[in-house]
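# Examination of the molecular architecture
The chain contents come next:
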Amino acid sequence: MLVANKTKDVIINVVEKRKVDRVSQLREFLQYNNGQGVQHLALRTDNTVQAVSNLRDRGVEFLDIPGSYYKRLRQRNSYLRQLFTKPIFDRPTTYLEIIQRRGHSGFGAGNVKALYEAVERLQRQRGNLE
């Protein structure tokens, strides 16, 4: 479910755990967070390359995203470019998202899939994904 203000400057995506749920990002989040909370904050920018470069210079680490994600972006006139940091605290509960929109107001199914897979790779590294 999405909740937004009129100008869509603030968008909140509310996700609930499924009744039957394998070890997933959501289950892991709830477990490490000891219940519900904010999983990530999105920070909009007009220049993701510069924003990410500045954050990396300050020691922020980002998830590894498959190259196919960027190839698909270059093939479009409108796009939604997103990058997620690795967890910013000692538990894998909170991420920052750096987001740039060019003629795109949705969430982007391809983006969600690529980013979801990147988080799952971290889960596997922690031994928390079947």
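Scroll up to find the structure this text is about.
This one's a predicted model, so the numbers in the text were calculated from it and none came from an experiment. (Residues numbered from 1 in each chain as written. Predicted model: local features only at pLDDT ≥ 70, side-chain atom pairs only at ≥ 80, totals over all residues. Heavy atoms only, no water.)

A tally of regular secondary structure across the protein gives four helices and five strands. What you see in the protein, going N to C, is helices and strands ordered as β-β-α-β-α-α-β-β-α. Out of the 130 residues in the protein, the part that is buried amounts to 30%. (Helix = DSSP H or I, 4+ residues; strand = E, 2+ residues; numbered from the N terminus. Buried < 20%, exposed > 50% of the residue type's maximum accessible area, 1.4 Å probe, protein only.)

The next thing to look at is the nonpolar core. A general tendency of soluble globular proteins is for nonpolar side chains to be buried together. Ranked by size, the top nonpolar core spans seven residues in total: Leu63, Ile65, Phe84, Tyr95, Ala118, Val119 and Leu122. Here this core takes three residues from helix H4 (residues 109-126), the largest share from any one element. Apart from residues lying up to four places away in sequence, Leu63 is in contact with Phe84, Thr85, Lys86, Ala118, Val119 and Leu122. Listed in part, the five residues of the second largest apolar core include Ala51, Val52, Leu83 and Ile98. (Core = buried A, V, L, I, M, F, W, Y, C linked by side-chain atoms within 4.5 Å. Contact = heavy atoms within 4.5 Å.)

Take the pattern of salt bridges next. Counted under the stated rule, the structure contains two salt bridges. In this structure, Glu28 engages Arg126 in a salt bridge whose closest nitrogen and oxygen atoms are separated by 2.7 Å. In this pair, Glu28 sits in helix H1 (residues 25-33) while Arg126 sits in helix H4, placing the two residues 98 residues apart along the sequence. For the salt bridge of Glu61 with Lys86, the shortest nitrogen-to-oxygen distance reads 3.7 Å. Remark: Lys86 occurs in the loop between strand E4 (79-84) and strand E5 (95-102) and Glu61 occurs in the loop between helix H2 (48-57) and helix H3 (67-74); sequence separation between them is 25 residues. The class of Lys86 is partly exposed, set by a relative accessible area of 29%. (Salt bridge = Lys/Arg side-chain N within 4 Å of Asp/Glu carboxyl O.)

Another point: the environment of Phe62. Take Phe62: it is sitting in the loop between H2 and H3. Residues in contact with Phe62, not counting those within four places in the same chain, are Val52, Leu55, Arg56, Leu83, Phe84, Thr85, Lys86 and Ile98.

No statement about biological role is implied by the geometric values presented.
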